[in-house]
Amino acid sequence: MNRPLVIGNWKMNLDFVEAVHLCQQITVLLKNQPAPHVDVVVAPPFVDLRSVASVLEAERAGIALGAQHVNVHEAGAHTGEVSLGMLARLGVSWVLVGHSERRAHYAMSEELVGATLRSVTRGSLNAVLCVGEDEAVRDAGEHLDYVRAQLRSALSGLEAPARERVCVAYEPIWAIGTGRSASASQVAEMMGAIRDELAERGLGGARVLYGGSATADNAASLVLEGSADGFLVGGASLKADSFVAIVRTCDDCYAVSANRR
Ligand code: PEP
């Protein structure tokens, strides 16, 4: 098992006061009972980044800052958008690329996902490439080919040093925000396909996370049987207790898998 990574995607929730509060609660919980084997990232809305960065810096809790999206251009006439340089300057070290909500509702094409991935990793930030099928694709039994095609498209043209800054989040669209997580065996099957594709493209060691109604109750089986290297967490990341419980589960799972070795 790779070192686990757990990312909280706060989506369009929490104003900056609420975000600071949640961040403080998470840091207190993790300071009281650390999870030394897990990398933890929080990805607030853009307008909360500066405030959350201040808390993370002051608390020194070892939590990294993430952004939910970035514009592919460096600067210029892109009203309402945010650049990589702006994010880096705020201390952001992780960026989600191609979340299914961006693809579905904000016209993020496969081409743009690939270009954004190249731009993020060229800029020395870490990227979380989000992939996953909808229910119709799964029902048709085409989910493995679909996700492999998403990976091929996004990863083409990625240079060797940049590959080390990529991790993948498998997020079946039918599981996001529905309370209906994929089963451990569904995740294990997909993790195998994703890792095969990554190995063929020179990203053999990349971490592969699971996202989609992950909770502290299903996290252990998704890691130990599903072979996820951690989680991209939406709903359960909006409460400190439920988010930190997932982090702790990953910490325990890592210890279990280290003992098995
Ligand atoms: C997500 O949108 O990245 C996500 C995983 O959401 P949820 O955990 O709420 O399903």
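Computed from a predicted model, the values in this text were never measured in an experiment. (Residues numbered from 1 in each chain as written. Predicted model: local features only at pLDDT ≥ 70, side-chain atom pairs only at ≥ 80, totals over all residues. Heavy atoms only, no water.)

A. Inspection of the environment of Arg103 at higher detail. The residue Arg103 is located in helix α4 (residues 100–105) in this model. Along the primary structure Arg103 and Ala220 are separated by 117 residues, whereas in three dimensions their C-alpha atoms are 29 Å apart. Separated by 2.7 Å, the side chain of Arg103 and the backbone oxygen of Cys130 make a polar contact. (Helix = DSSP H or I, 4+ residues; strand = E, 2+ residues; numbered from the N terminus. Polar contact = N/O pair within 3.5 Å; in protein donor to acceptor, adjacent residues only side chain to side chain.)

B. Local environment of the site of the ligand. Neighbouring residues of the ligand: 15 residues in total, closest Lys11, Glu171, Gly177, Ser213 and Gly235. Residue Gly177 places a main-chain N or O atom 2.7 Å away from an oxygen atom belonging to the ligand. Backbone polar atom of Gly235 to an oxygen atom of the ligand: 2.8 Å apart, as the coordinates give it. With the chains in place, 95% of the 290 Å² that the ligand exposes on its own is no longer accessible. The residue makeup of the shell around the ligand, split by class, is four nonpolar, eight polar and three charged. (Near = heavy atom within 4 Å. Areas by Shrake-Rupley, 256 points an atom, 1.4 Å probe, with all protein chains shown as cover. Nonpolar A, V, L, I, M, F, W, Y, C, P; charged D, E, K, R; others polar.)

C. Here's a closer look at the nonpolar core. One finds Ile26, Ile194, Tyr210 and Phe231 to be the most contacted residues of the largest nonpolar core, which totals 71 residues. Looking at which element gives the most residues to this core, the answer is helix α11 (residues 240–260), with seven residues. (Core = buried A, V, L, I, M, F, W, Y, C linked by side-chain atoms within 4.5 Å. Buried < 20%, exposed > 50% of the residue type's maximum accessible area, 1.4 Å probe, protein only.)

D. Here's a closer look at helix α2 (residues 49–59). Every buried residue belonging to α2 is among Leu49, Ser51, Val52, Ala53, Val55 and Leu56, and all of these are buried. Where α2 is buried, its residues touch α1 (16–32), β2 (39–43), β3 (63–67), α3 (84–89) and β4 (92–97). Note on α2: the residue one or two positions beyond its end, Arg60, has a positive phi of about 45 degrees. (Contact = heavy atoms within 4.5 Å.)

E. Quick look at the packing of aromatic side chains. Going through the model one piece at a time under the given rule, you end up with two aromatic pairs. The interplanar angle of 90 degrees and the centroid separation of 6.5 Å between the aromatic rings of Tyr210 and Phe231 together place this pair among those described as edge-to-face. Highlighted residues: Tyr210 in strand β7 (residues 208–211) and Phe231 in strand β8 (residues 230–233), separated in sequence by 21 residues. Members of the aromatic cluster, joined through ring pairs, are Tyr170, Tyr210 and Phe231. (Phe/Tyr/Trp six-rings, centres within 6.5 Å; stacked < 30°, edge-to-face > 60°.)

F. Main features of helix α5 (residues 110–122). Across its 13 residues, α5 extends 18 Å between first and last C-alpha, which sits within 8% of the 18 Å expected from 1.5 Å per residue. Every buried residue belonging to α5 is among Val113, Gly114, Thr116, Leu117, Ser119, Val120 and Thr121, and all of these are buried. Positioned one or two residues after α5, Ser124 has a phi angle of 70 degrees, which is positive. (Expected span 1.5 Å × (residues − 1).)

G. Fine view of the environment of Ala193. By the secondary structure assignment, Ala193 is in helix α9 (residues 184–200). Sequence-wise, Ala193 and Gly177 are 16 residues apart; in three dimensions their C-alpha atoms are separated by 24 Å. Apart from residues lying up to four places away in sequence, Ala193 is in contact with Leu144 and Arg148.

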